[in-house]
Amino acid sequence: MALSRRQTEIKAAIVDHGRQRGFSPPTIQIAADIAYIESAFGASPRSADAGSSASGLFQYTDGAWYAHHQAGGEKDAPRSQVAAFFTALWWARTHALPS
């Protein structure tokens, strides 16, 4: 199934954000894949689980958002979720335990 214009714009925003912050193409692709799996690039912005607070492109729960990303903006705004996701990737990459 082809992406809608809005989905294509969101995917492009994910790619642009990742490139601007120096992430590798495979890492950017993983971010895009996760956004598609979690919400179909925003086409399904709410969790299928009625008891969950997960929402947005990357399905952040209220607890995770307010604990780690609240300063980044509105929880369900695509731009905020993209920035939060790449921030989390950066943090994981820079704080990884040595092998």
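Residues numbered from 1 in each chain as written. Predicted model: local features only at pLDDT ≥ 70, side-chain atom pairs only at ≥ 80, totals over all residues. Heavy atoms only, no water.

Asker: Explain the pattern of salt bridges to me, please; I cannot follow it from the model alone.
Answerer: Between side chains of opposite charge, a pair can form when the charged atoms approach closely. With the rule as written, the count across this model stands at four salt bridges. The shortest N-O distance in the salt bridge between arginine 5 and glutamate 9 comes to 3.9 Å. You can see arginine 5 and its partner glutamate 9 sitting in helix H1 (residues 5-20), four residues apart, about one turn around the helix. On the accessibility criterion, arginine 5 (68% relative accessible area) is exposed. Taking the relative accessible area as the measure of exposure, glutamate 9 reaches 40% and is therefore partly exposed. Two residues, aspartate 76 and arginine 46, come together in a salt bridge whose shortest N-O distance is 3.3 Å. One end of the pair, aspartate 76, is in the loop between helix H3 (62-68) and helix H4 (78-94); the other, arginine 46, is in the loop between helix H2 (25-39) and H3, and 30 residues separate them in sequence. (Salt bridge = Lys/Arg side-chain N within 4 Å of Asp/Glu carboxyl O. Helix = DSSP H or I, 4+ residues; strand = E, 2+ residues; numbered from the N terminus. Buried < 20%, exposed > 50% of the residue type's maximum accessible area, 1.4 Å probe, protein only.)

Asker: Hey, could you run me through the layout of surface pockets in this one?
Answerer: Gaps between atoms show up when a probe of the same size as a water molecule is rolled over them. For the largest pocket, the calculated volume is near 200 Å³. Its residues placed into classes, the lining of the largest pocket shows five nonpolar, two polar and four charged. (1 Å grid on protein atoms, 1.4 Å probe; cavity = no way out; pocket = protein on both sides within 12 Å on 5 of 7 lines; lining within 4 Å. Points joined across faces, edges and corners; volume = space filled by probe spheres on them. Nonpolar A, V, L, I, M, F, W, Y, C, P; charged D, E, K, R; others polar.)

Asker: Would you mind going over the packing of aromatic side chains with me for this structure?
Answerer: The relative placement of two aromatic rings is captured by the distance of their centres and the angle of their planes. Taken as a whole, this structure holds five aromatic pairs when the rule is applied. Here the aromatic rings of phenylalanine 58 and phenylalanine 85 are separated by 4.1 Å at their centres, their planes lie at 10°, and the arrangement is stacked. Here phenylalanine 58 is found in the loop between H2 and H3, whereas its partner phenylalanine 85 is found in helix H4, with 27 residues between them in sequence. Overall, phenylalanine 58 belongs to the buried group, its relative accessible area being 7%. Members of the aromatic cluster, connected to one another through ring pairs, are Phe23, Phe58, Phe85 and Phe86. (Phe/Tyr/Trp six-rings, centres within 6.5 Å; stacked < 30°, edge-to-face > 60°.)

Asker: What's the story with a nonpolar patch on the surface in this structure? I'm lost.
Answerer: On the surface, Leu3, Tyr36 and Ile37 cluster together into a nonpolar patch covering about 310 Å² of accessible area. Mapping leucine 3 onto the fold places it in the segment before H1. Judged by its relative accessible area of 33%, leucine 3 is partly exposed. (Patch = residues over 30% accessible without salt bridge, like charges linked within 9 Å, V, L, I, M, F, W, Y side chains within 5 Å. Areas by Shrake-Rupley, 256 points an atom, 1.4 Å probe, with all protein chains shown as cover.)

Asker: Please clarify how the environment of serine 4 should be interpreted in this entry.
Answerer: Looking at the element boundaries, serine 4 is found in the segment before H1. Sequence separation between serine 4 and phenylalanine 41 is 37 residues; the distance between their C-alpha atoms is 9.5 Å.

Asker: How should I be thinking about H1 in this particular structure?
Answerer: Given 3.6 residues per helical turn, the α-helix brings residues three or four places apart onto the same face. The terminal C-alpha atoms of H1 lie 22 Å apart, and with 16 residues this matches the ideal 22 Å at 1.5 Å per residue to within 8%. All of the buried residues in H1 are Gln7, Ile10, Ile14, Val15, His17 and Gly18. Down the axis, H1 shows its buried residues gathered within 165° of arc, on one side only. Exposed positions of H1 whose direction lies more than 90 degrees from the buried face are Arg5, Arg19 and Gln20. Buried positions along H1 lie against H2 and H4. Phi turns positive one or two residues past the end of H1, at glycine 22, with a value near 80°. (Expected span 1.5 Å × (residues − 1). Arc of directions from axis to C-beta. Contact = heavy atoms within 4.5 Å.)

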